[in-house]
Amino acid sequence: MRDDTLHEPDQALHVEDLTVSYGAAPALWDIDLDIPPGVMCAIVGPNGAGKSTLIKAALGLVRPVAGHVRFLGHEIGAMRGRIGYVPQRHSVDWDFPTTARDVVEMGLYRSLGWFRRPGRDARARAMAALAELGMQDYADRQISQLSGGQQQRVFLARALVQDAPILVLDEPLAGVDASTEAIIIDLLKRLRDSGRTVIVVHHDLTTVQSYFDWMVMLNVRIIAQGPVREVYTPENLRAAYGRQLAMIAVPEGGAA
Amino acid sequence: MTMLADLMASQIVRTVLVGAAMLGAISGMLGAFAVLRRQSLLGDALAHAALPGVCLGFLVAGARDLGSILAGAFLTGSLAALAMMLITRTTRLKTDAALGIVLSVFFAVGVVLLTHVQATGGAASAGLASFLFGQAAAILVSDLWIMGGIGLVALGVVLALWKEFKLVSFDADFARAQGFPVTMLEAMLTIMVALAIVVGLQLVGVVLMVALLIAPAAAARQWTNRLGMMVALSALIGAGSGAAGALISATTRGLATGPVVVLVATAAVLVSLALAPGRGLVWQALAARRARARISDGRILAAMQGLAEAHDDPHYPAEQGMLGAALGKAPAPGQFDALKRRGLIRAVTHAPEATPHWQLTPAGQRAARATGTDTGDKT
């Protein structure tokens, strides 16, 4: 029994003809993209490739000049609250007067509805989300007193507490320590294994093959997309990164 | 105390006192959000942009009618906010440049209108200049009801939309991704700031009004790490500054209330910046000194351990002067005594030298090793 109002309901994320422009030069050009449900997908590309812009446009934070986006067949407006979003850590002021648990509870504000304050139930769910990331002992810390990796884990806990089928993360591993990276990746893999779709803007090509099973290579246009073992090839990397490639590990002898 | 009682017996002083305290509370509460959203200077632009509205209100009403003057102030203030939003969205100018342009253009128009009205408007227009720096004595009891009403409405809105305002102030992108009407919530906060400014025009004036938005919030932030506490404290500091400023200016002839209120609020900021536990300068200086002392204790032990290792003798008697040379600077003599009291070193003699010598105890050796690994771990 299918809902005919849905468009491409078999894709966790479906993007078609998406073009975004800041001023003269397009930041994203004619993006066609499909990410199936239940994968852990890396969005990679050089600096300025439009990785963050892509997810911001998908989430409706940036207005595209053309194209459309669907999550599980729905427009973004119908999927609010069912997508966990983790913005870049540096997008907020960490000196804001609030605690780690308070930030995590923000992930529940939408489900609470207008005028209602988070209560004991919200508190328990926030604590559980913090515990998933090993942060339960820091619940009452002021957020500026946390290390960068701990702040990132708090951000992830805020998305986790929504229990959403789709998670979208913007550079969650940028500037975090090795132990935080391991904790975050372990959690994301568990979420993937429980059927959720995890979409991650990722900057470290050396770890793409071990962390992810799906990838999108981007440089203003889509260079390649699909399972990592098919997409992570010297030709694609050269097409996406060009001269910057000397800095990057290239898989030996074509497809791995 | 009798002086205070005498002062309070005056109807004017009572009115000004209550008015200043209410204004401080309102602007303190709303200023906390403005400061956290890094919009404190927007308040300054709005306040300056109120001046042309004051003159227009006078021209339209043809008299010094407070209702039309405040309506005019609110109108041009809102127009300024709108102009700024349009400038930052449609041009490549950044917020600070847009603020500067809007503030100065609106204020210039205001001054031109003011001088024109004063030259042509006759006696009734004489009082308009008081809106530049405020004139507390002009406040009427009926004005207090307006202020109280606006204050209650603002308090009600803030309480009802508490979690939404908190979320928007902390992370507007996340709020938008969650489907909250972020633009509307931000507009509500800005409109309430504009209302607070309009309320404060008579008392503090357009030039200094922004101080009442920023100062209580900046002071309150020093004392607490909770948003609720910060907003409450900010309102309290604002009310206290208003009341204290009104009383001080009432005791002395020729002290304008508005500027005195601003000075009292600024004093609260200075005290808070210096003394608040955790974030205050004095507190941080003390903490830094304690940390320095701890490190140099550790360095003394590490230096002794190094000497012991170099001489292949765990009980090597290190001469005090030599330790000073090894550390680059002689530690205070009391520091060795303190280490001795903690059982980390013991005094020994090393004939024929008569100078003080020190030896690591087993506990001191453990402490030295712990210091070494500690600093090694700090990456």
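Owing to the predicted nature of the structure, the values given are computational and were not obtained by experimental measurement. (Residues numbered from 1 in each chain as written. Chains lettered and ligands numbered in written order. Predicted model: local features only at pLDDT ≥ 70, side-chain atom pairs only at ≥ 80, totals over all residues. Heavy atoms only, no water.)

**Remarks on the domain arrangement of chain B**
Assigned domains of chain B: these are domain 1 (2-259) and domain 2 (283-377). Using only C-alpha atoms to locate each centre, domain 1 of chain B and domain 2 of chain B end up separated by 59 Å. (Domains from an automatic or database assignment.)

**With respect to the confidence of the model for chain A**
Of the residues in chain A, 93% reach a pLDDT of 70 or more, and the chain-wide mean stands at 88. Across chain A, the secondary-structure element scoring lowest on mean pLDDT is helix H10 (residues 234-241) of chain A, at 86, and the one scoring highest is strand S7 (residues 197-201) of chain A, at 95. (pLDDT = per-residue confidence, 0-100. Helix = DSSP H or I, 4+ residues; strand = E, 2+ residues; numbered from the N terminus.)

**A few points about the environment of Arg366 of chain B**
Residue and element names in this part refer to chain B. Here Arg366 shows up in helix H17 (residues 362-377). On the accessibility criterion, Arg366 (54% relative accessible area) is exposed. Each C-alpha atom, one on Arg366 and one on Arg226, is 41 Å from the other, the two residues being 140 residues apart in sequence. (Buried < 20%, exposed > 50% of the residue type's maximum accessible area, 1.4 Å probe, protein only.)

**A few points about the interface of chain B and chain A**
Taken together, the contacts link 28 residues of chain B with 34 residues of chain A. Together, the buried faces of chain B and chain A total about 2900 Å²; carbon and sulfur atoms form 61% of this surface. Among the residues chain B hides against chain A, the three largest losses belong to Lys163, Phe170 and Gln178 of chain B. Together they make up 28% of the total. On the surface where chain B and chain A come into contact, there are six salt bridges. Between Arg158 of chain A and Asp171 of chain B there is a salt bridge, with its nearest N and O atoms 2.8 Å apart. Between chain B and chain A we count 14 residue pairs in polar contact (both at pLDDT 80 or more) in total. Secondary-structure elements contributing two or more residues to the side of chain B that touches chain A are helix H7 (141-160), helix H8 (162-170), helix H9 (172-177) and helix H12 (227-251) of chain B. (Contact = heavy atoms within 4.5 Å. Buried area = accessible area lost by both parts, 1.4 Å probe. Salt bridge = Lys/Arg side-chain N within 4 Å of Asp/Glu carboxyl O. Polar contact = N/O pair within 3.5 Å; in protein donor to acceptor, adjacent residues only side chain to side chain.)

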